[in-house]
Amino acid sequence: MSGAHQHIGRPVPPRHHDRLVRGHGRFLADLRAAGVLYATLVRSPLAHARIVGFDASAARSDPRCALVLGPDDLAERTAPIPTAWRLPGQPEDRIPIAAHTARYAGQPLGIVVADTPTAAEDLAEAVRLDLDPLPPAATLADALAEHAPPIVPGAAGNEAGSIRLGSPEEDVAAAFARAELVVEREFTLPRVNPSPLEPRGVLAEYDPGTGLLTVHAGSQSPHSMRQDLCAVLGMRADRVRVIAPDIGGSFGSKVVLYPDEAMVCAAAVALGAAVRWVESRAENFDGAYQGRGQRTTARLAVGHEGRFLAFDAHILADLGAYATQAGSGPHQVTALTLQGPYHVDAAAATVTGVYTTRVPTGAYRGYGMQEAAFIRERLIEEAARELDVPALELRLRNLIRPEELPHTTHTGLTYDSGDYGAALRRAATLAERPPPSDPPWVRRGTAVVAAVEITAFAPSALLETFGIAWSGWEGVRLRINHDGTVTAYSGVIAVGQGIETSLAQIAAEGLGVPLDWVRVELGDTDTAPHSDLSAQASRALTLAGGALLIAARRLADRMRTLAAGFLGTDPDRVTQRIGSRADPSSPDAAFHGTDGARITWREVAHRGYRGWGNRKDTDRIRLEEAVDFDPPQITFAHGAHAAEVTVDVGTGRVTVTGYWAVHDSGVLVNPLIAHGQIAGGIAQGLGQALSEEARADAEGVPVTRSFREYAVPAAQDVPEDLVIEHTCTPSTAIPGGFKGLGEGGTLLPPAAVTCAVAAAVPEIAHTLTSLPLTPSRVRAALRAAGITAEGGLR
Amino acid sequence: MSVRTVTVRVNGVVRTEDAWDHTTLAEHLRTGLRLTGTHVGCGTGDCGACVVLLDGEPVCSCLVLAVQADGREISTVEGVAGGGDLTRAQRALIEEHGLQCGFCTPGLVVRMAHAAGRGGSEADVLAGHLCRCTGYDGIRAALRKLSGGSGGDR
Ligand code: FES
Ligand code: FES
């Protein structure tokens, strides 16, 4: 009945690419604003200090200076940022903007606004800070030490609260009592910098005449930024508008309002002017929220014939100087997803949040699931080694089978669909190849690991259950314009992933029209449907796409009904035939009656706009559909990765020589984009496996502040022949059968690489519990095991 | 600190603008000449997003001062296709999904334009360019396509 376009499943190159390869992107720093002023933040050089003085008199008397806001001024002009996801017992539920104690090096304490960027920098340096140093607590150990300095004033110690998720205690105890083998390890997942290539930035403009604050920001979630800004600035929602321009990557680091961004907006309001701040790379390393930061003791109980009985873990979560909006959220997700794709009789984990004098941690691609996969798959690999059975066999023996789905885990997650064994076996098969002959100082190993992935984080009721003060639903508006072209509005954000193309494909599919009739409009809170979580948690395509498919089908029906009215026949006697290159007014883009009569798509739209045709009083007129979609449950993607590595036992250097990934994200809308998401995620995961760690010195001052000290993967660090395959188990919860894939690639590389290193050098396997596997860390483990290039060869 | 007049021929057009003596070429291009296609990802010469051709040779424009470019010839990403047809390299990047957010892309496009016809290896082109989004996979597919290989296997 509809145009046979089948846009879903086609590897269409994303539509934003053309302008970007020409250098015609519109990123934050590219935006023009009349009379714009420039901001620089005054940041604490110390990790922990009382702010005794903030003397800006020299800066203020400089003619280039427009404004300085110090802690006292900020206290008058701002309220703290409310948090959304808290731990039971968390002593602070707001994020201070006006600080009288600096709790991490790089914390913004004030803001200077001047007529040029250089002037703003000079004047920020002219602010004289009088700081009374307090002892730092830069690590979990320091923060939990007996005489640790309290980081939250008035709190007893530095624990930020605790939660236990999963099976009842007696079930866990009973499972461990039955165990024939218990493997227990302590794992360290260091802090990492998400490091999008474009740092953060804000252009805020306040018009005192209208009272409107317009904020351009590289935000993954403009609606939640707007809500937080309203709370911070005491402004009405109808007076605050947030617009996201092109965004140069985000990966979770641009999801929430930061205090420094709020200061820029406060400065714009104070000045009644436009103020721009663009973060430097060093500031991004110091001040953008970091990912991971976890030390976890975990154990696996194994019973008769290698059957998994239970997982149990205690997660110490390094929250940093304060708990951000989502606070311990990523670590709670580690607890929720520890069980993975396996059967166990019990699974539980405790999360204890800990304040440290370092920049807060927050969302980063993989959001706790990567940590869970690392811990779980390492424990399994260790169990296999101790039992002397192949790890693959042990995994396959314990997997949840497709016919056992849906399956509810011990933490209450209901896996909807998938074939975990198929992915695992396929990845293992792909990785099978005859080993080349290596020089004697090189060891080679392969491992294959698996994970289940939370995608499309919703439904709203689930967030309510967890006490998360955000919604999970996603809304869209889809409009056929008077000339027959189509505009889709969604609250999700384009961060480079190509969502505007995928959504256009879905809308075009549902309407049965050519792809280029559809424009997707995102990013402006004045026009975009509400979305709290927007483009995070692997949810944009699934939830906005699911909503859009419903809207498109409804609109297609309405067009057919209108056409039938004009043709004087019944809707089910009307055929929509639209050529793939037709434009809306051409004769080959028409509805056909049975008698040879036809009416073009454009004509139907045009008459629809006039309100013409037979219409009942209750019929809608506007050719627009709004759909709010709150899915019945989370939909779970899954995957298996295999890595082959070599270890140079002389230098300790680990090289990934082969990498194979098999993913199931249900129905793929655009395989080209899907491939790119997985490939990019794998590269980030490899960085965490081998090189990335946000380090600080003993005083808690960051030492990784550029791409020289902090090694994100360069081309030579990613294998040239990444193999990525997709299997397809459609989601049963999402219209169209879509599942998310933004994070999937990131989940498994640390586990796969580390298990492969363990396979290559079993002598050090039990020590491989901390990332990244830098040459020095591996070399130390090799030496401790008595292995050297000369002497320790097998 | 002083202001100097800087004259450059950028993408074939002679442009004269004032620049502070501490202004980088990247900032001068972006702010003074309004050519915002050149991106600054690090400002320290590590990411390659800001690469332009200075007298035909690739440089990190964040490490060059505007005054050092006085009297010289510059090509930026905006000049690679001009207003018209895309180059083979640009088309290959699009077709093989060799970019996602596109923030690293301008430097890479300039580098690929420079390498075109010179027969440098894939590693030569990619050295000095960081991409956080693609894992280099789509970029490599584009480079393979350009060197006559099959491009992507997808
Ligand atoms: S901005 Fe010049 S190399 Fe990164
Ligand atoms: S495409 Fe985003 S950094 Fe390369």
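- Identification of chain B as 2Fe-2S iron-sulfur cluster-binding protein from Streptomyces rugosispiralis is taken from an unreviewed UniProt entry.

Details of empty space enclosed by the protein
Residues and elements named next belong to chain A.
And step 1. Applying the stated criterion to the full structure yields 9 cavities of 30 Å³ or more.
And step 2. Estimates place the volume of the largest cavity at around 770 Å³.
And step 3. Residue lining of the largest cavity: 45 residues in total, with Gln536, Ala537, Ser538, Arg539 and Gly742 positioned closest to the centre.
And step 4. Within the residue set of the lining of the largest cavity, elements represented by two or more residues are α15 (499-511), α16 (540-567) and α18 (671-690).
And step 5. The residue inventory of the lining of the largest cavity, partitioned by class, reads 26 nonpolar, 15 polar and 4 charged.
And step 6. Considering only enclosed or pocket space, the second largest cavity measures out at about 120 Å³ in volume.
And step 7. Tallied by class, the residues present in the lining of the second largest cavity amount to 9 nonpolar, 7 polar and no charged.
And step 8. Each of domain 2 (31-134 + 202-277) and domain 3 (291-459 + 632-784) accounts for three or more of the residues forming the lining of the second largest cavity.

Regarding the layout of surface pockets
The gaps of empty space that remain are located by a probe, the size of a water molecule, rolled over the atoms.
And step 1. Reported here for the second largest pocket is a volume of approximately 590 Å³.
And step 2. Elements represented by at least two residues in the lining of the second largest pocket include exactly β29 (654-664) and α18 of chain A together with α5 (122-126) of chain B.
And step 3. With 4 residues, the top contributor of residues to the lining of the second largest pocket is β29 of chain A.
And step 4. Partitioned by chemical class, the residues of the lining of the second largest pocket number 18 nonpolar, 6 polar and 7 charged.

Brief notes about the domain arrangement of chain B
All names here are of chain B.
And step 1. For chain B, the domain assignment lists domain 1 (3-79) and domain 2 (88-146).
And step 2. Taking only C-alpha atoms into account, the centre of domain 1 sits 21 Å from that of domain 2.
And step 3. The interface of domain 1 with domain 2 comprises 17 residues on the first partner and 13 residues on the second.
And step 4. Surface buried jointly by domain 1 and domain 2 totals about 1,100 Å² across both partners, of which 65% is contributed by carbon and sulfur atoms.
And step 5. Looking at the side of domain 1 facing domain 2, the largest losses of area belong to His39, Val51 and Val77, adding up to 38% of the total buried there.

Rules of the game
Residues numbered from 1 in each chain as written. Chains lettered and ligands numbered in written order. Predicted model: local features only at pLDDT ≥ 70, side-chain atom pairs only at ≥ 80, totals over all residues. Heavy atoms only, no water. 1 Å grid on protein atoms, 1.4 Å probe; cavity = no way out; pocket = protein on both sides within 12 Å on 5 of 7 lines; lining within 4 Å. Points joined across faces, edges and corners; volume = space filled by probe spheres on them. Helix = DSSP H or I, 4+ residues; strand = E, 2+ residues; numbered from the N terminus. Nonpolar A, V, L, I, M, F, W, Y, C, P; charged D, E, K, R; others polar. Domains from an automatic or database assignment. Contact = heavy atoms within 4.5 Å. Buried area = accessible area lost by both parts, 1.4 Å probe.

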